[in-house]
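If you want the building blocks of each chain, they are given just below.
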Amino acid sequence: MAAISGIFAAEISVVDQIIAKVNGDIITSSDLSRQKKTLVAELKQRGAKDEQIQEVLQHREKDFLKEKIDQLLLVQRAKELNINVDQQFSRYQAELMKQFKVADQEQFQSMVRQQVGTTYEDWRDEAKNSMMTQRVVGQEVQSKINIASGDRQKYYEEHKDEFIREEQIFLQEIFLKSDAGSEAEIEKKAKDLVARARKGEKFHELARDNSDSDTAGNGGDIGSIKKGEIDPVIEKVVFAEGKNYVTDPIKRPNGFLILKVVDVHQAGLAPYEIVENEVMEKLFRPKMEPAMKAYMTQLREQAFLEIREGWQDTAAAPGKDTTWTDPAQLKPETISKEELALQKRKKRFLGIPVPGTSTSVAEEEAGSSSSKELKSNN
């Protein structure tokens, strides 16, 4: 019998483990594993090589718990502020379905599972959480950072060397692959699109709905191009024309290309009006980082936060006690009726968790979560 028990004991392993308790929520080891998996998938999608991925992980992995705590605190704050992102998420998903030319919801969910490597539900929840955190940061941090127009103008005047530009143009594209049909049909479609664009239809919408390029989801935006960076034949055409010019279809080895000149920047010092947003960013960023750090520290100070031994929050609030408390290890103490009544009064009026009298919502949830963990460990 003892031998059989030993065999079963050897087979027991921890499937998941609670690492931190953040108010009424928990962070588990599988949450951090999923975070790592998502980051790797994103890096691969950008074309990162294995050694580059390992370098990023080495730099980022120590902050996974910190980032997860940040997210939970911000999502919790969003709920306190009654921020709802359902409509925003619906629009975002609809745009993605257009970009990838997927009309069926089940097909889209399957694509998410294949490309992201997680369930559609997890991807959806992460996307919504990201939207909520952005809204909170915008509302509670960014909106409180003010940079006067005089300061922006002053920075420009004192740092003109930072705004010297080479001649460059900004382009959008529509690309139609030849293998999508006969070459004559594709060329006719390209000419029709050019005619529609020249009559005033929005080029970015035509690109979104018709282009076979990866840039379709971004309205065909290519960004800035300097001389010498593209095919000389194409360069000669687009650099000779002005803003809003739409090219005729350009024959390429695998299809037809249509370009629109969105903007033209001449060589030399860029006018203040052109770089005002860039100036704003240069002044905003140094203010944003300490403001965000102070805000997250404040949320941590106000939170019920416990972290299991062996794990570290790299943005811990100074002096904040986050010692892990395991309810199963708490032993009842002998106290008088008067002391017990005093503890209950403190708990009722102050909301302070008292060992052995778990009735607050946060403590009940933490206790329940720890019980589940104990079951998985036993």
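Residues numbered from 1 in each chain as written. Predicted model: local features only at pLDDT ≥ 70, side-chain atom pairs only at ≥ 80, totals over all residues. Heavy atoms only, no water.

(A) Geometry of the packing of aromatic side chains. Evaluated as defined, the whole model comprises seven aromatic pairs. With a centroid separation of 5.7 Å and an interplanar angle of 70°, the aromatic rings of Phe-108 and Trp-123 are classed as edge-to-face. With a gap of 15 residues between them, Phe-108 in helix H6 (residues 105-116) and Trp-123 in helix H7 (residues 120-140) connect regions that are remote in the sequence. Note on Phe-108: relative accessible area 1%, which makes it buried. You can call Trp-123 buried: its relative accessible area is 13%. The ring of Phe-256 has Lys-251 lying over it, and the distance from NZ or CZ to the ring centre is 5.6 Å. Over the face of the ring belonging to Trp-324 we find Arg-308, whose NZ or CZ atom lies 4.3 Å from the ring centre. (Phe/Tyr/Trp six-rings, centres within 6.5 Å; stacked < 30°, edge-to-face > 60°. Helix = DSSP H or I, 4+ residues; strand = E, 2+ residues; numbered from the N terminus. Buried < 20%, exposed > 50% of the residue type's maximum accessible area, 1.4 Å probe, protein only. Lys NZ or Arg CZ within 6 Å of the ring centre and 35° of its normal.)

(B) Main features of the pattern of salt bridges. Tallied over the entire structure, the rule returns 28 salt bridges. Residue Asp-248 pairs with Arg-198 through a salt bridge whose shortest N-O separation is 3.0 Å. Within this pair, whereas Asp-248 is found in the loop between helix H11 (232-240) and strand E6 (250-252), its partner Arg-198 is found in helix H9 (residues 183-198), the two being separated by 50 residues in sequence. On the basis of relative accessibility, which here comes to 45%, the residue Asp-248 falls in the partly exposed class. We classify Arg-198 as partly exposed; its relative accessible area is 47%. Connected through shared salt-bridge partners, Lys-66, Asp-70, Arg-300 and Asp-313 make up one network. (Salt bridge = Lys/Arg side-chain N within 4 Å of Asp/Glu carboxyl O.)

(C) Here's a closer look at the layout of surface pockets. Counted as a void, the largest pocket has a volume near 1,600 Å³. The wall of the largest pocket is formed by 45 residues, among which Thr-38, Glu-42, Gln-71, Glu-126 and Ser-130 lie closest to the centre. Sorting the residues of the lining of the largest pocket by element identifies helix H2 (29-45), helix H4 (64-80), helix H5 (86-99), H6, H7 and helix H12 (272-302) as the ones contributing at least two each. Grouping the amino acids of the lining of the largest pocket by side-chain chemistry returns 20 nonpolar, 11 polar and 14 charged. (1 Å grid on protein atoms, 1.4 Å probe; cavity = no way out; pocket = protein on both sides within 12 Å on 5 of 7 lines; lining within 4 Å. Points joined across faces, edges and corners; volume = space filled by probe spheres on them. Nonpolar A, V, L, I, M, F, W, Y, C, P; charged D, E, K, R; others polar.)

(D) Representation of the side chain of Gln-76 in the model. Relative to the helices and strands, Gln-76 is located in helix H4. In this view, Gln-76 contacts Val-22, Asn-23, Gly-24 and Asp-25; residues no more than four positions away in its chain are not counted. (Contact = heavy atoms within 4.5 Å.)

(E) Summary view of the packing of H5 against H7. Running from amino to carboxyl end, H5 crosses H7 at an angle of 125°, the nearest separation of the two axes being 10 Å. The angle between the axes of H5 and H7 places the two elements in the oblique class. Between H5 and H7 the crossing geometry is right-handed. Contacts between H5 and H7 involve Asp-86, Gln-88, Phe-89, Tyr-92, Gln-93 and Leu-96 on the former and, on the latter, Tyr-120, Trp-123, Arg-124, Ala-127, Lys-128, Met-131 and Arg-135. Class assignment for the residues of the contact of H5 with H7 results in seven nonpolar, two polar and four charged. (Axes fitted to C-alpha atoms, helices over the stretch in contact; angles between N-to-C directions. Parallel < 35°, antiparallel > 145°, perpendicular 65-115°, else oblique. Left-handed = near helix turned anticlockwise from the far one by under 90°.)

(F) Broad picture of unusual backbone geometry. Look at Asn-23: it is not a glycine, yet its phi comes out positive at around 50°. Along the chain, Asn-23 falls in the loop between strand E1 (18-22) and strand E2 (25-28).

(G) The arrangement of the nonpolar core in detail. Core analysis: the largest hydrophobic core is formed by 54 residues, its most contacted members being Ile-27, Leu-65, Ile-69, Leu-74 and Phe-108. By residue number, the principal contributor to this core is H12, which donates 10 residues. Apart from the residues within four sequence positions on either side, Ile-27 is in contact with Gln-17, Ile-18, Ile-19, Ala-20, Val-22, Leu-32, Leu-65, Lys-68, Ile-69 and Leu-72. Within the second largest apolar cluster, 13 residues are counted, among which are Leu-176, Ala-190, Leu-193 and Phe-203. (Core = buried A, V, L, I, M, F, W, Y, C linked by side-chain atoms within 4.5 Å.)

(H) Expanded view of helix H10 (residues 203-210). Of all the positions in H10, only Phe-203, Leu-206, Ala-207, Arg-208 and Asn-210 are classed as buried. Its buried side turned inward, H10 meets H5, strand E4 (168-177), H9 and strand E7 (255-265).

(I) Molecular detail of the environment of Asp-326. Structurally, Asp-326 can be placed in the loop between strand E9 (305-307) and helix H13 (337-350). By relative accessible area, Asp-326 is classed as buried at 17%. Residues Asp-326 and Arg-308, spaced 18 residues apart in sequence, show a C-alpha to C-alpha distance of 9.3 Å.

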